[in-house]
Amino acid sequence: MKGLISGIKRMEIHDGDGLRTTVFFKGCPLKCIWCHNPESISTKKQVAFFKNKCIGCNICGGKKTEETAQKCPSDAIVLYGTEYEEKELCEVLIKDKLFFEKSGGGVTLSGGECLMQGEFAVNLAKELYKKGISVYIDTCGFVKQDIFKKIIPYTDKFLYDIKAINPDVHKKYTGCDNKIILENLKFLLENNCNIEIRYPLVTNYNDKECKHIGKFLKDLKGISKVKVLKYHPFAASRYDALNMECTMPDTETTNSDVENAVQTLKKYGLNAVNGAVED
């Protein structure tokens, strides 16, 4: 079975414990207006053109294709979407096993939504598990429960996004209802999974959801941490390069906004932390 991967980042420190290699899967069921990985939304291969990187060498002949992306000397043309077999990708990832062991790190499967390519993600996690490599799953939770059942045995921690509790707010900013997401969170906790909640804070959009998130999470047992993530618009250039409409909000989330959210969540007895400070 083959999977479609938009990118691989080594030596990451923001996607879980220790030094990690993060694998970004193509495809996401949500359409978050603040998405900072637009290249991972589509389930298909995409070619991006970064005009500011073009040196005018004309090796591409003016064509922006998968083939010319391989030849571009300045990385102005970038292919998002490489196919891998599970064992092939596993061999790429285990090259950093020594760094994982020394730092308490491992591999994080992310996206997009990695579990949209459910069977591939499960098989990859299983291969990594057999090699003694820690696996974290970074998920939006909008996934068939059957996939969660299959991947639980090979997962050390779920990095679980909660963007809003109010279903209307959630649908307005992500395009989807959150009923499945909240049900799946309870399912994972009932199965004694290690859960770290991630709350992307976007001021003037989902900041008023903070207290609702606190109320929802306070009685759930098994959540190790709630990490508040500061919104930033740094991905705007990738929307342009992909010829996609940029939906990222023109708003600023300050350090003070994040700290206020952390303090609000702590009032509900949660182990809330400032993502930027902790990382």
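Being a predicted model, the structure only gives us computed values, none of them experimental.

Asks: Tell me what's going on with helix H7 (residues 179–190), and back it up with residues and numbers.
Replies: The first and last C-alpha atoms of H7 sit 17 Å apart over 12 residues, in line with the 16 Å expected at 1.5 Å per residue. Of the positions making up H7, those classed as buried are Ile181, Leu182, Asn184, Leu185, Phe187, Leu188 and Leu189. Buried positions along H7 lie against helix H5 (145–151), strand S8 (157–161), helix H6 (167–174), strand S9 (195–201), helix H8 (210–217) and strand S10 (223–230). One or two residues past the end of H7 sits Asn192, with phi positive at roughly 60°.

Asks: Please provide a residue-by-residue account of unusual backbone geometry, values included.
Replies: Trans is the common state for peptide bonds, and a negative phi is the common state for residues other than glycine. In this model, Gly111 is joined to Gly112 through a cis peptide bond whose omega is 15°. Its location among the elements puts Gly112 in the loop between strand S6 (106–110) and helix H4 (118–130). Non-glycine residue Asn58 carries a positive phi angle of around 65°. Structurally, Asn58 can be placed in the loop between strand S3 (46–49) and helix H1 (66–71). Phi is positive for Asp75, close to 60°, though the residue is something other than glycine. Position of Asp75 relative to the elements: it lies in the loop between H1 and strand S4 (77–80).

Asks: An account of H8 is requested, with residue identities and associated values reported.
Replies: Those residues of H8 that sit buried are Cys210, Ile213, Gly214, Phe216 and Leu217. The arc that holds the buried residues of H8, viewed along the axis, is 165°, so those residues lie on one side. Lining the buried residues of H8 we find H7, S9, S10 and helix H10 (255–266).

Asks: Tell me what's going on with the packing of helix H2 (residues 86–93) against H4, and back it up with residues and numbers.
Replies: The axes of two packed helices give the description: the angle between them and the distance between them. Between H2 and H4, the least distance of the axes is 9 Å, while the angle of their chain directions is 45°. Between H2 and H4, the angle is such that the two are oblique. Helix-helix and strand crossings are classified by hand; for H2 and H4 the assignment is right-handed. Of H4, the residues touching H2 (which contributes Glu86, Lys87, Leu89, Cys90 and Leu93) are Phe120, Asn123, Leu124, Glu127 and Leu128.

Asks: Quick one: what's the story with the environment of Gly56, residue by residue and with numbers?
Replies: Along the chain, Gly56 turns up in the loop between S3 and H1. Residue class for Gly56 comes out exposed when judged on its relative accessible area of 59%. Between the C-alpha atom of Gly56 and that of Ala76, which follows or precedes it by 20 residues, the distance is 10.0 Å.

Asks: So what's going on with the side chain of Thr68? Residues and values would help.
Replies: Topologically, Thr68 is positioned in helix H1. Once residues within four sequence positions are removed from consideration, Thr68 is found in contact with Cys60, Lys63 and Ile77.

Cut-off values and rules
- Residues numbered from 1 in each chain as written.
- Predicted model: local features only at pLDDT ≥ 70, side-chain atom pairs only at ≥ 80, totals over all residues.
- Heavy atoms only, no water.
- Helix = DSSP H or I, 4+ residues; strand = E, 2+ residues; numbered from the N terminus.
- Expected span 1.5 Å × (residues − 1).
- Buried < 20%, exposed > 50% of the residue type's maximum accessible area, 1.4 Å probe, protein only.
- Contact = heavy atoms within 4.5 Å.
- Arc of directions from axis to C-beta.
- Axes fitted to C-alpha atoms, helices over the stretch in contact; angles between N-to-C directions.
- Parallel < 35°, antiparallel > 145°, perpendicular 65-115°, else oblique.
- Left-handed = near helix turned anticlockwise from the far one by under 90°.

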